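Fold and geometry: a report
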Amino acid sequence: MVELQINTTQNVNINFIAASVGERILAFVIDIIIKIAYVVVTYQLVFNLFHIDDMVSDMDQWSQIAIYVSFYLPVVFYSLLFETFLDGQTPGKRIIKIKVVKIDGYQASLADYMIRWFFRIIDLNLLGPLFGPVVALITIVSSDKNQRLGDMTAGTSVITLKNKVTISHTILEELGEDYIPTYPNVIKLSDNDARIIKETFVRARASKDYATLIKLRKKIVEVVGIKDYNEEDIQFIDVILKDYNYYTQNM
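We now turn to the structure provided with this report. One numbering rule holds for all chains: residues counted from 1, following each sequence as written. Only residues with pLDDT of at least 70 get local features here, since the model is predicted, and only at 80 or more are side-chain atom pairs given and counted; chain-wide, interface and lining totals rely on the full set of residues. To get the side-chain values, all heavy atoms of the structure are used, and hydrogens and water are removed first.

What about a nonpolar patch on the surface?
The grouping of Ile25, Val29, Ile33, Leu137 and Val141 at the surface amounts to a nonpolar patch, some 430 Å² of accessible area in total. Think of it this way: any DSSP run of H or I at least four residues long counts as a helix, any run of E at least two long counts as a strand, and we number them from the N terminus. Breaking the nonpolar patch down by element, the ones donating at least two residues are helix H1 (21-49) and helix H9 (133-142). At three residues, the largest contribution of residues to the nonpolar patch is made by H1. Here Ile33 shows up in helix H1. For every residue, the accessible area (1.4 Å probe, protein chains only) is compared with the maximum for its type, and the residue is labelled buried under 20%, exposed over 50%, or partly exposed between those bounds. Taking relative accessible area as the criterion, Ile33 reaches 53% and is therefore assigned exposed. Patch rule: a residue counts if its relative accessible area is over 30% and it has no salt bridge; like charges are joined within 9 Å, and nonpolar side chains (Val, Leu, Ile, Met, Phe, Trp, Tyr) within 5 Å. The method behind every accessible area is Shrake-Rupley, applied with a 1.4 Å probe, and residues are considered shielded solely by the protein chains displayed. Counted as salt bridges are all cases of a side-chain nitrogen of Lys or Arg within 4 Å of a carboxyl oxygen of Asp or Glu.

Focus on the nonpolar core
By nonpolar core is meant a set of buried Ala, Val, Leu, Ile, Met, Phe, Trp, Tyr and Cys residues that side-chain atoms within 4.5 Å join together. Tyr183, Ile197, Ile220, Phe236, Ile237 and Ile240 are the most contacted members of the largest nonpolar core, which totals 20 residues. Within the residue set of this core, elements represented by two or more residues are helix H11 (191-207), helix H12 (210-224) and helix H13 (233-249). Take this core: its biggest share by element is six residues, from H13. Other than its neighbours up to four places away in sequence, Ile197 contacts Leu189, Leu216, Ile220, Ile237 and Leu241. Counting nine residues, the second largest nonpolar core, distinct from the first, contains Ala27, Ala108, Tyr113 and Val158. For this analysis, residues touch if any pair of their heavy atoms sits within 4.5 Å.

Such coordinate-based values are descriptive only and should not be taken to indicate function.
Encoded structure:
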């Protein structure tokens, strides 16, 4: 089991578990099956059922190539399209519950996914369809962060989402029905802000890291724009988290 420590843009360390080689292989196999199914279905429906072949046969060679390629472009750009629109996941990764993340704390961008996709030529296809994945397998096993070449170049890694999660690990807070919020300006925070605040708060409170709690309180006051408050640091941050949950759950 490889543990990844990601330092976010707010200088908060978050620990993730890197996806195992087995999980990545299973996701890869599922994606291959989906690609094959697409090719078979497309060929049967488009080229056989609608007799596109007969129409294409009357065209010049370049036109024929263009038509065939256009139908199979989704296979070529499969990982790029899905990772971009499914937030770092392909159908295979979603089924196995793994995803691509940036190791510097930023949200992975289209450029990052494009780099990963481009390097698949080396990672997965350099030695041909049969032995191509061997390059990626060797790189993942030898990397301390379970990265293939595309991940190393893009600054990404693949993590597992199967970690046991309780309410203390999420931005959710248990609120009573009669709860009255104190700071309406907390709606300026995003879910990601609230998650980072809670993770830092829980860790600092457990270790009695009062210096971090003071820094966290000052940062919240600055971002949210709170001018007056009377609570101690721990109580103040706890109220902020509860208020955020109150307003977001009732919007």
